[in-house]
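So the chains spell out like this:
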Amino acid sequence: MISRSIEETQKCASDLARRLKPGDVVALVGDLGAGKTAFVQGLAKGLGVPKDAYVRSPTFTLIAEYSGRMPLYHLDLYRLRDARELDGLGLEEYFDGRGITVVEWADRFPGILPERTITVSFSIVDETTREIVVPAGYGTHRP
Ligand SMILES: Nc1ncnc2c1ncn2[C@@H]1O[C@H](COP(=O)(O)OP(=O)(O)O)[C@@H](O)[C@H]1O
Ligand SMILES: [Mg+2]
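Residues numbered from 1 in each chain as written. Chains lettered and ligands numbered in written order. Predicted model: local features only at pLDDT ≥ 70, side-chain atom pairs only at ≥ 80, totals over all residues.

(A) Structural detail: the overall build of the chain. A count of helical and extended segments in the chain gives 3 helices and 7 strands. Reading the secondary structure of the chain in the N-to-C direction produces β-α-β-α-β-β-α-β-β-β. The C-alpha radius of gyration of the chain comes to 14 Å, within 12% of the 15 Å expected for a compact globule of 143 residues. For the C-alpha atoms alone, the extent of the chain along its principal axes is close to 45 × 30 × 30 Å. Within the chain, the proportion of its 143 residues that are buried is 34%. (Helix = DSSP H or I, 4+ residues; strand = E, 2+ residues; numbered from the N terminus. Rg over C-alpha atoms; globule rule 2.2 N^0.38 Å. Buried ≥ 20, exposed ≤ 12 C-beta atoms within 10 Å, placed from the backbone.)

See below:
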């Protein structure tokens, strides 16, 4: 889909949120500023995370947890240098857990995510336009 504003990007994410089930893993792939964190904000909204939960990139913590209808685990690998830094985080437990795991910059460490991962890609078209590709069956269907 083509998104012409941050709100449209968030709407695209909340449409996806309605199709997600516990244990789903969503990888967000695209350049800096492409709208990945904005998309996570929409996912949070769609999962019923309270509005006062401030969703931004979990820079210092690697993973941030929000509670909505089901837990949302937000992982951002932008600053990660080595996949070994993830040891001891218990990633498998997040992936197989009761919630949704969403991962920014997942493509920097291919192989850490389960095969069933749902990948959403973002490209910057111009200053306010983004192209977002959601796998078939996970978006809104409009003729
Ligand atoms: N259609 C759009 N969708 C999402 N963000 C947009 C859009 N148009 C402009 N932007 C801007 O692009 C930036 C996206 O930032 P962010 O979501 O943090 O990107 P990323 O996490 O991919 O680095 C924000 O400053 C936002 O205002
Ligand atoms: Mg980001």
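Following the structure, the description resumes.
(B) The site of ligand 1, seen in detail. For ligand 1, the set of nearby residues contains 18 residues, the closest of which are Thr-9, Gly-35, Lys-36, Thr-37 and Ala-38. Of all the secondary structure elements, the ones that give two or more residues to the shell around ligand 1 are α1 (6–17), α2 (36–46) and β7 (129–133). Of the residues assigned to the shell around ligand 1, the class counts are 4 nonpolar, 9 polar and 5 charged. (Near = placed C-beta within 6 Å. Nonpolar A, V, L, I, M, F, W, Y, C, P; charged D, E, K, R; others polar.)

(C) Structural view of the nonpolar core. If you look at the biggest cluster of nonpolar residues, it comprises 32 residues, and the most contacted ones within it are Leu-28, Leu-43, Leu-72, Val-102 and Val-103. Of all the secondary-structure elements, those providing two or more residues to this core are α1, β2 (25–29), α2, β4 (71–76), α3 (91–95), β5 (100–104) and β6 (118–126). If we ignore the near neighbours within four places in the chain, the residues touching Leu-28 are Lys-36, Phe-39, Val-102, Val-103, Glu-104, Ala-106, Val-120 and Phe-122. (Core = buried A, V, L, I, M, F, W, Y, C linked by C-beta atoms within 7 Å. Contact = placed C-beta atoms within 7 Å.)

(D) Quick peek at the sheet that holds β6. Taken together, 7 strands build an open sheet; the order of strands is β1-β7-β6-β2-β5-β4-β3 and the sheet is mixed. Single-partner strands in this sheet number two, and they are β1 (2–3) and β3 (63–67). Pairing analysis gives 2 bridges linking β1 to β7, with the strands arranged antiparallel. Bridge pairing in β7 places Ser-3 opposite Arg-130. Its contacts with the sheet place α2 against β2, β3, β4, β5 and β6, and it is angled at close to 165° to β5. (Pairing = 2+ DSSP bridges. Axes fitted to C-alpha atoms, helices over the stretch in contact; angles between N-to-C directions.)

(E) The pairing of β3, seen in detail. Sheet analysis places β3 next to β4, joined by 5 bridges and oriented antiparallel. Each residue of the ladder has a partner; that of Ser-67, found in β4, is Pro-71. Taking the residues that link successive antiparallel strands as the turn, the β3-β4 hairpin has 3 residues.

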